[in-house]
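# Structural overview
Next come the chains, spelled out residue by residue.
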Amino acid sequence: MKRARTTTISPKSPPHPPPPPTPPQKLHSRRVPLQWAPLNLPQSELYLPLTLPTGQTFRWKQTGPLQYTGAVGPHLISLKHHHDHDGAVYYHIHRTPSDESAAMCALLDFLNSHVSLADLWSDFSASDPRFAEVARHLTGARVLRQHPLECLVQFLCSSNNNIARITKMVDHVSRLGHPLGSVEGFDFHQFPSLERLALVTEQQLREAGFGYRAKYITGTVDALRAKPGGGEEWLASLRKLDLEVVIDSLCTLPGVGPKVAACVALFSLDQHHAIPVDTHVWQIATRDLLPDLAGARLTPKLCSRVADAFVSKYGQYAGWAQTLLFIADLPSQKSLLPSRDGNIKKNKPGKKKTTQIASW
DNA sequence: CATATACCTGAGAC
DNA sequence: AGTCTCAGGTATA
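This write-up is about the structure you can find in this document. Since this is a predicted model, take the numbers as computed values, not measurements.

## Side note on the packing of helix H11 (residues 243-251) against helix H12 (residues 258-268)
Packing of H11 against H12 brings their axes to within 9 Å, and their N-to-C directions diverge by 125°. Regarding the angle of H11 to H12, the classification is oblique. Both H11 and H12 take part in a crossing whose hand is right-handed. For the pair H11 and H12, the contacting residues are Leu243, Val246, Ile247, Leu250 and Cys251 in the first and Pro258, Ala261, Ala262, Val264 and Ala265 in the second. Considering only residue class, the contact of H11 with H12 consists of 10 nonpolar, no polar and no charged.

Here is the structure:
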């Protein structure tokens, strides 16, 4: 039978607790089917499995079929596709300190909802047949607009690391923030402020398994706190600056190199033409964009050449194009796509991915 | 500038 | 079981 899913707000409530005489949280009643409201975004403009679990954020959890839950600032929100209505996106606000419309507003901002994916992809497809082919199979992959500090810390954790451990580390840091409740067994927290982050020591992070990234986090937190006016404001101020300045500024922080800087710029600082060039994108680029460089090693200089090539080809929103091409190259997606030579993709024995990046 | 190497950890592949 | 390699990099020499 199909039942609407239920949620509990208090952390760690036993399976069937007798209802307390006076519930601590009266915001939501317990064990009531969630109320879902339409988000006014068709599946073609937002397809959750291609947007939330594909490496932009590690803080959203799958809490049901085509359903994901995460924090947007202080708001705890679930999103899901409706089986009917062409798979349109619906939302449920589990908890918000203000009101529904404020949460909704924050959510639309988080989703960059003012950007029309249809327009973008039509442009990309016009300038690149391969993009057109890929896009036909993978519609609705958006670039998010995350909170800068939250985005930065997540990608500090990502260096030379795998998805499973990154997620674990991000979960650990997140627990420093204000708890927002639990959904389907996952505990959610507001991302900790700079002040909260400053309470944890490098040694504590190392003991928690962060390895050498422990000092990246404490070092960056310290550097941000030293900024006049506060680090969060400093980060936010980067949104109005040019990409080169943004990248250079971010790279002054310990643990932030070109790749992490580009991720933060693209996924949180409105730098829609930032191109995070990692080993993966390097493969894509030398295959499709700069075949001459195939076989070369990725140096900082070549890194910016790749970025330039993407921008030349796709323009002001090149980062959005790059994001889709990146997703298309994920092992979890390749099986859904026709391969270049037209054959059905079978896993190559040579290079195995041990980490499943996303599965659905 | 380009190249090489260390850096933490833990999950797979031999 | 004990190695080895690799994972969406960065900081140094």
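Additional details are given in the paragraphs that follow.
## Details of the environment of Phe267
Tracing the chain through its elements places Phe267 in helix H12. When the C-alpha positions of Phe267 and Leu120 are compared, they lie 17 Å apart, and in sequence the two are 147 residues distant.

## Section: the protein's contact with DNA strand B
Around DNA strand B, a shell composed of 12 residues is seen, among which Arg165, Arg206, Tyr212, Arg213 and Lys301 lie nearest. In the interface set of DNA strand B, defined as its atoms within 4 Å of the protein, sugar plus phosphate atoms amount to 62%. Arg213 places a polar side-chain atom, nitrogen or oxygen, 2.8 Å from a base oxygen of DNA strand B.

## Quick notes on the side chain of Gln154
Along the chain, Gln154 turns up in helix H5 (residues 148-156). Using a relative accessible area of 0% as the deciding quantity, one classes Gln154 as buried.

## Comments concerning the pairing of strand E2 (residues 61-64)
For E2 and strand E3 (residues 67-72), the ladder comprises 3 bridges, and the chain directions are antiparallel. Bridge pairing links Lys61 to Thr69 in E3. The hairpin formed by E2 and E3 contains 2 residues between the paired strands, and Leu66 there has a positive phi angle of roughly 55°.

## Notes on the side chain of His81
Relative to the assigned elements, His81 resides in strand E4 (residues 75-81). For His81, the side chain forms a polar contact with the main-chain nitrogen of Leu48, separated by 3.0 Å. The contacts of His81, once residues within four sequence positions are left out, are Gln43, Leu46, Tyr47, Leu48, Pro49, Leu66, Gly87, Ala88 and Val89.

## Regarding H5
Within H5, 9 of the 9 residues are buried, which leaves it mostly tucked inside the rest of the structure. Restricting attention to buried positions, one finds in H5 the residues Pro148, Leu149, Glu150, Cys151, Leu152, Val153, Gln154, Phe155 and Leu156. The secondary structure elements touched by the buried residues of H5 are helix H6 (163-174), helix H7 (194-197), helix H9 (213-225), helix H10 (231-237) and H12.

## Thoughts on the packing of aromatic side chains
Evaluation of the coordinates by the stated rule reveals 10 aromatic pairs. Taking the centre distance of 5.1 Å and the plane angle of 70° together, the rings of Phe124 and Phe131 count as edge-to-face. Here Phe131 falls in the buried class, since its relative accessible area comes to 0%. The interplanar angle of 85° and the centroid separation of 5.6 Å between the aromatic rings of Phe124 and Tyr314 together place this pair among those described as edge-to-face. Of this pair, Phe124 sits in helix H3 (residues 117-127) while Tyr314 sits in helix H14 (residues 300-314); the two residues are 190 residues apart in sequence, bridging distant segments of the chain.

## Observations regarding the pattern of salt bridges
Counted according to the given criterion, the structure contains 13 salt bridges. Among the salt bridges present, the one from Arg225 reaches Glu195, with a minimum N-O distance of 2.6 Å. Placement of the pair is Arg225 in helix H9 and Glu195 in helix H7, with a sequence separation of 30 residues. A salt bridge links Asp288 to Arg287; its shortest N-O distance comes to 2.9 Å. By sharing partners, the salt bridges in this structure join Asp109, Arg145, Arg239 and Asp270 into a single network.

## Overview of a negative patch on the surface
A cluster of like negative charges, contributed by Asp242, Glu244, Asp248 and Asp308, occupies part of the molecular surface. Note that Asp248 resides in helix H11. Judged by its relative accessible area of 53%, Asp248 falls in the exposed class.

## Let's talk about the sheet that holds E4
Here we have 5 strands laid out as an open sheet, ordered E1-E5-E4-E3-E2, and antiparallel in their pairing. With partners counted over all chains shown, the strands left at the sheet margins are strand E1 (37-38) and E2, one partner each. Note that E1 and strand E5 (residues 89-95) share 2 bridges and pair antiparallel. Bridge assignment links Ala37 to a residue of E5, and that residue is Tyr91.

## Structural notes on the pairing of strand E7 (residues 186-189)
Both faces of the sheet carry side chains from a regular strand, because those side chains alternate between them. Bridging between strand E6 (residues 179-183) and E7 involves 4 bridges; their strand directions are antiparallel. Residue pairing in the sheet places Val183 in a bridge with Phe186 of E7. Counted along the chain from E6 to the antiparallel partner E7, the turn is 2 residues long, and its residue Glu184 has a positive phi close to 50°.

Basis of the calculations
Residues numbered from 1 in each chain as written. Chains lettered and ligands numbered in written order. Predicted model: local features only at pLDDT ≥ 70, side-chain atom pairs only at ≥ 80, totals over all residues. Heavy atoms only, no water. Axes fitted to C-alpha atoms, helices over the stretch in contact; angles between N-to-C directions. Helix = DSSP H or I, 4+ residues; strand = E, 2+ residues; numbered from the N terminus. Parallel < 35°, antiparallel > 145°, perpendicular 65-115°, else oblique. Left-handed = near helix turned anticlockwise from the far one by under 90°. Contact = heavy atoms within 4.5 Å. Nonpolar A, V, L, I, M, F, W, Y, C, P; charged D, E, K, R; others polar. Near = heavy atom within 4 Å. Polar contact = N/O pair within 3.5 Å; in protein donor to acceptor, adjacent residues only side chain to side chain. Buried < 20%, exposed > 50% of the residue type's maximum accessible area, 1.4 Å probe, protein only. Pairing = 2+ DSSP bridges. Phe/Tyr/Trp six-rings, centres within 6.5 Å; stacked < 30°, edge-to-face > 60°. Salt bridge = Lys/Arg side-chain N within 4 Å of Asp/Glu carboxyl O. Patch = residues over 30% accessible without salt bridge, like charges linked within 9 Å, V, L, I, M, F, W, Y side chains within 5 Å. Areas by Shrake-Rupley, 256 points an atom, 1.4 Å probe, with all protein chains shown as cover. Lys, Arg positive; Asp, Glu negative; His and termini not counted. Charge placed at Lys NZ, Arg CZ, Asp CG, Glu CD.

Any functional reading would require information beyond the geometric quantities listed.
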